[in-house]
Amino acid sequence: MTATMTDTPPPAAPKAPGAPQRSGRSLGQVLMIVAGALLLLAAVRMITDSNQLDSSGQVAAALGLAVPIGLAGLAGLWSERAGVVNIGLEGMMILGTFGAGWVGWQSSPWLGLLCGIGFGVLGGLVHAVATITFGVDHIVSGVAVNLLALGATQYLAKLFFADGSAAQEGGNPKQSPPADSLPDITVPGLSDGLASIEKHHWFLVSDLAGIVGGLVTNLSVITIVAVLLFVGSWWLLWRTPFGLRLRSCGENPVAAESLGVNVYQYKYAAVAVSGGLAGLGGAFLALVTSHTYLEGQTAGRGYIGLAAMIFGNWRPGGLAMGAGLFGYSDALQLRNGGVTVHALLLLLVVLLALLAGWKLYKKAVVQGVVSAVMAVLVLVWYLLTDEVPSDFVGATPYVVTLLVLSLSAQRLRMPKADGMRYRKGQGK
């Protein structure tokens, strides 16, 4: 009896609610994946002679398209880590575009930037009051915020931009007069040197030069702010007591309350930050992409940001990868059309073949066979055509998003209490 008790291992200590898990990849594994992706991209570029696949212009365009999506996804991450589903990100981005365009035209783009963030926070607080205080279904509230934001900005645009001095400066019911530009940053000397290396089209060396060159040339100040926000969010949510308490509200709010956490307060803070980040994404569209507010300029980026967040498994690093992937595919079809997208098919063949091999190695026979069949079909398409039809080119970013989400769906883990109604003292 004594021997049996001695040999029995003690039970594992329970983890705190929202405690970080060790299931993520190590830094060495991430670097190996990045190196493999660069080698594969360089090889595809050499084989297909599609030099625009990783040119500095392509990378810069992809970064500009990825920033608002990434900010929307980061906004969703803050909200959902606290247990509040935020379908209203699209509406908060719309509010951000209007606030930035309106104030940026009348004063300075910096004030417009702050106003865009403030308008987004206002939309977030509306969603917080409905879901946290009154217990409205999170999806219903988010859809309502989207509709209210769209209707309010359309009405205000007609009120402020349709006549008077605004009309004389180029305003109309669907757009504001142009605002001044925010500063861009270019690393002197480095950008020109990398551009000269890129022109030689050397294997891997020119590819690296094009990628780095796109990241250091005409870089918007908001892009730098967005990168800092991603790093700061990771540190704050996963490395501080504040972040542990906030994430515990999304995992088990009853247990968090029993430990003295003011769940309502943390949920409100998270949704307000979420609205501000979405508003910043809208301000980027208004002040950097077009230098003016335009009706419909968000174009569903709030929803795409949510998809990027899900792809990233509710973590900033994976979210950044998802936003970058969508931005890259979107820039590819906007800049280069069917010829370069056709070269991307060969890259897709290799990725599907690798996926098939991995699934078969893991004894997932059905998934491995399906991936292999898809790889063969895409290869046949690549070999029998010279260009992707224009109708399919426009759908490239959405097809890429759906494909990536379908392939990554099996490893996803959302916060356990995400979207659930919570009432103070309900655990008593």
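One can find the structure itself at the top, above this paragraph.
In this report, the structure presented in the accompanying data block is examined. (Residues numbered from 1 in each chain as written. Predicted model: local features only at pLDDT ≥ 70, side-chain atom pairs only at ≥ 80, totals over all residues. Heavy atoms only, no water.)

## Focus on helix 14 (residues 301-311)
Phase 1 of the analysis: Burial of helix 14 is extensive: nine of the eleven residues sit out of reach of the surface.
Phase 2 of the analysis: Turning to helix 14, its buried residues are Arg 301, Gly 302, Ile 304, Gly 305, Leu 306, Ala 307, Ala 308, Met 309 and Phe 311.
Phase 3 of the analysis: Phi for Asn 313, located one or two positions after helix 14, is positive at around 60°. (Buried < 20%, exposed > 50% of the residue type's maximum accessible area, 1.4 Å probe, protein only. Helix = DSSP H or I, 4+ residues; strand = E, 2+ residues; numbered from the N terminus.)

## Topic: helix 8 (residues 190-198)
Because the α-helix completes a turn every 3.6 residues, residues three or four places apart line up on one side.
Phase 1 of the analysis: Buried within helix 8 are the following residues: Ser 191, Leu 194 and Glu 198. One side of helix 8 carries all its buried residues, which in axial view fall inside an arc of 70°.
Phase 2 of the analysis: Next to the buried residues of helix 8 lie helix 3 (56-81) and helix 9 (205-216). (Arc of directions from axis to C-beta. Contact = heavy atoms within 4.5 Å.)

## Digging into a nonpolar patch on the surface
Phase 1 of the analysis: Residues Leu 360, Val 365, Val 369, Val 373 and Leu 377 make up a contiguous nonpolar surface patch of roughly 430 Å² in combined accessible area.
Phase 2 of the analysis: Considering every element that reaches the nonpolar patch, the biggest residue donor is helix 17 (residues 365-384), with four residues.
Phase 3 of the analysis: Tracing the backbone shows Leu 360 in helix 16 (residues 338-361).
Phase 4 of the analysis: Since its relative accessible area comes to 42%, Leu 360 is described here as partly exposed. (Patch = residues over 30% accessible without salt bridge, like charges linked within 9 Å, V, L, I, M, F, W, Y side chains within 5 Å. Areas by Shrake-Rupley, 256 points an atom, 1.4 Å probe, with all protein chains shown as cover. Salt bridge = Lys/Arg side-chain N within 4 Å of Asp/Glu carboxyl O.)

## Observations concerning the packing of aromatic side chains
Phase 1 of the analysis: Under the definition given, this model contains eleven aromatic pairs.
Phase 2 of the analysis: Considering the side-chain rings of Phe 161 and Tyr 293, the 6.2 Å spacing of their centres and the 45° angle between planes classify their relative orientation as tilted. Remark: Tyr 293 occurs in the loop between helix 13 (263-289) and helix 14 and Phe 161 occurs in helix 6 (residues 138-161); sequence separation between them is 132 residues. Of the two residues, Phe 161 and Tyr 293, neither departs from the other in class, the shared state being buried.
Phase 3 of the analysis: Ring plane angle 35° and centroid distance 5.4 Å describe the contact between Phe 242 and Tyr 266, whose orientation is recorded as tilted. Of this pair, Phe 242 sits in helix 11 (residues 241-251) while Tyr 266 sits in helix 13, placing them 24 residues apart in sequence.
Phase 4 of the analysis: Cluster of aromatic residues (ring-pair linked, three or more members): Phe 98, Trp 102, Trp 105, Phe 119, Phe 160, Phe 161 and Tyr 293. (Phe/Tyr/Trp six-rings, centres within 6.5 Å; stacked < 30°, edge-to-face > 60°.)

## As for the pattern of salt bridges
Phase 1 of the analysis: Following the criterion strictly, the structure yields five salt bridges and no others.
Phase 2 of the analysis: For the salt bridge of Arg 45 with Asp 54, the shortest nitrogen-to-oxygen distance reads 4.0 Å.
Phase 3 of the analysis: Look at Arg 45 and you get buried, because its relative accessible area is 2%.
Phase 4 of the analysis: What makes Asp 54 buried here is its relative accessible area of 4%.
Phase 5 of the analysis: A salt bridge links Glu 295 to Lys 174, with the shortest nitrogen-to-oxygen separation between them at 3.4 Å. Residue Glu 295 is located in the loop between helix 13 and helix 14, and its partner Lys 174 is located in the loop between helix 7 (164-168) and strand 1 (184-185); the two are separated by 121 residues in the primary sequence.
Phase 6 of the analysis: In this structure Glu 295 comes out as partly exposed when scored by relative accessible area, which is 29%.
Phase 7 of the analysis: What makes Lys 174 exposed here is its relative accessible area of 51%.
Phase 8 of the analysis: Through salt bridges with shared partners, one network takes in Arg 45, Asp 54 and Asp 207.

Purely geometric numbers; function is a separate question.
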